[in-house]
Amino acid sequence: MSNLIDGNAIAATIRLELQATVKQLQETLGVTPGLAVILVGARRDSATYVRMKKKACAEVGVTSFGFDFPAEITQEELLAKIDELNADPAVNGILVQLPLPSHINEHVVLDHIRQDKDVDGLHPLNVAQLANTKTHAAGRGAWSFDNIDFHVSCTPQGCIELLDRSGVTIEGKEAVVLGRSNIVGIPVALLLMQRNATVTIAHSRTKNLEETIRRADIVVAAVGRAEMVKGAWIKPGAVVIDVGINSVDDPSDKRGYKLVGDVNFDECKEVASLITPVPGGVGPMTIAMLLRNTVNGCRRAALAAKSLPPPGI
């Protein structure tokens, strides 16, 4: 359908671009990006996500280092491994697959990752840089994720990339972000604001929620409630980015369930000018942005080691 934003296709294009960048880094600076992925426990979904990330690394030429630990690992042992990876120059990014077992404090673990290796963009200092409107690279007026000196969280970054690569003008538009999580809602709202959109963050306590969403030229749904946003809530011609991924019962599917987003796709696609599907929309972009953060981190580290300025300065 003509108004579909194909996240799979856009992510594949980005991976090809990253593949070329990795070759350039190898040829010009003699470095290869490295991503360390830590898996704790035997959750099937987590193991699947880790395999997907390792496969994507191999596709673009990023070296992946896998570390699988039993669920019984102590927090101190896990922090010791992170210390080791923080000090390893071959590792440019560290990813701890969430969730962690209940006896481990996720915040302590994530905060322990060195800021420049926090490719998930969740370290407090990376979040602070984002809130400090630092997504414009120093000395540049142009918007660039490649030339900034910190990491932006992957899913919000992917949302902006989908808009940009679909030809959507953000500046001057009214955007509504449905959801206020630290992982998606707040950072994507900050990114939209820094792109000169007028941004409203809506949530479960928002009065007149339907009317609020209906004003939006751009809707980013990240609330974690299956098909919550109805077609009647969408302004005709609006762009809809659906971050949600929820399983609902579906006897017609051999699995007994199907995956849906936070918007009612069948209804909203009839009203929106552009819309992301679930699956196949935002999801593939999250992994692509993880790879891009890793590659960017490698470039920054290599240039710093040679006392060279980052690109764009």
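Our subject is the structure listed above.
Analysis parameters
Residues numbered from 1 in each chain as written. Predicted model: local features only at pLDDT ≥ 70, side-chain atom pairs only at ≥ 80, totals over all residues. Heavy atoms only, no water. Helix = DSSP H or I, 4+ residues; strand = E, 2+ residues; numbered from the N terminus. Rg over C-alpha atoms; globule rule 2.2 N^0.38 Å. Buried < 20%, exposed > 50% of the residue type's maximum accessible area, 1.4 Å probe, protein only. Contact = heavy atoms within 4.5 Å. Areas by Shrake-Rupley, 256 points an atom, 1.4 Å probe, with all protein chains shown as cover. Lys, Arg positive; Asp, Glu negative; His and termini not counted. Charge placed at Lys NZ, Arg CZ, Asp CG, Glu CD. Phe/Tyr/Trp six-rings, centres within 6.5 Å; stacked < 30°, edge-to-face > 60°. Lys NZ or Arg CZ within 6 Å of the ring centre and 35° of its normal. 1 Å grid on protein atoms, 1.4 Å probe; cavity = no way out; pocket = protein on both sides within 12 Å on 5 of 7 lines; lining within 4 Å. Points joined across faces, edges and corners; volume = space filled by probe spheres on them. Nonpolar A, V, L, I, M, F, W, Y, C, P; charged D, E, K, R; others polar. Pairing = 2+ DSSP bridges. Axes fitted to C-alpha atoms, helices over the stretch in contact; angles between N-to-C directions.

*Asks:* Before we go on, may I ask you to explain the overall build of the chain in this structure?
*Replies:* Along the chain, the regular secondary structure elements total 10 helices and 10 strands. For 313 residues, the compact-globule estimate of 2.2 N^0.38 gives 20 Å, and the chain sits close to it at 20 Å. Per-residue burial over the chain gives 49% buried out of 313 residues. Put simply, 70% of the contacts in the chain that link residues at least 6 apart link residues at least 24 apart. On the chain, roughly 14400 Å² of surface is accessible, and the fraction owed to carbon and sulfur atoms is 52%. Charged side chains of the chain number 32 positive and 35 negative; the gap between the two group centres comes to 2 Å.

*Asks:* Mind showing me how you'd approach the packing of aromatic side chains here?
*Replies:* Two numbers describe a pair of aromatic rings. These are the distance of the centres and the angle of the planes. Scanning the entire structure with this criterion turns up zero aromatic pairs. When the ring centre of Tyr 257 is taken as origin, the NZ or CZ atom of Arg 255, which lies over that ring, is 4.7 Å away.

*Asks:* Any chance you could explain the layout of surface pockets here in plain terms?
*Replies:* If a probe as big as a water molecule is rolled over the atoms, it shows which places are left empty. The space that makes up the largest pocket amounts to roughly 1400 Å³. Lining of the largest pocket is provided by 46 residues; of these, Tyr 49, Lys 53, Thr 155, Gly 283 and Thr 286 occupy positions nearest its centre. Per-element accounting of the lining of the largest pocket gives the leading share, eight residues, to helix α2 (residues 44-60). Residue classes in the lining of the largest pocket are distributed as 25 nonpolar, 12 polar and nine charged. Volume-wise, the second largest pocket comes out at about 340 Å³. Within the residue set of the lining of the second largest pocket, elements represented by two or more residues are α4 (106-112), α5 (124-131) and α7 (185-194). Ranked by residue count, the leading element in the lining of the second largest pocket is α4, at four residues.

*Asks:* How should the sheet that holds strand β1 (residues 34-40) be read in this particular structure?
*Replies:* In a beta sheet, neighbouring strands pair by backbone hydrogen bonds and run either parallel or antiparallel. Spatial strand order, β2-β1-β3: three strands in an open sheet with parallel pairing. Only two strands of the sheet have a single partner each, and these edge strands are β2 (63-69) and β3 (93-96). Averaged over all pairs of adjacent strands, the angle between strand axes in this sheet comes to 15°, irrespective of strand direction. Note that β1 and β2 share seven bridges and pair parallel. If you follow Leu 39 over to β2, its bridge partner there is Asp 68. Each of β1, β2 and β3 touches α2; the most contacted strand, β1, lies at about 170° to it.

*Asks:* Any chance you could explain the pairing of strand β6 (residues 218-221) here in plain terms?
*Replies:* Burial of the side chains of β6 extends over both faces: Ile 218 and Val 220 are buried on one face and Val 219 and Ala 221 on the other. As defined by bridge partners, strand β4 (residues 174-178) adjoins β6 across four bridges and the pair is classed as parallel. In the sheet register, Ala 175 faces β6, and the bridge partner there is Ile 218. Two elements, β6 and strand β7 (residues 239-242), share four bridges in a ladder whose sense is parallel. Residue Ile 218 lies in a different strand from β7, and its bridge partner there is Val 239.

These results come straight from atomic positions and should not be treated as a statement about function.
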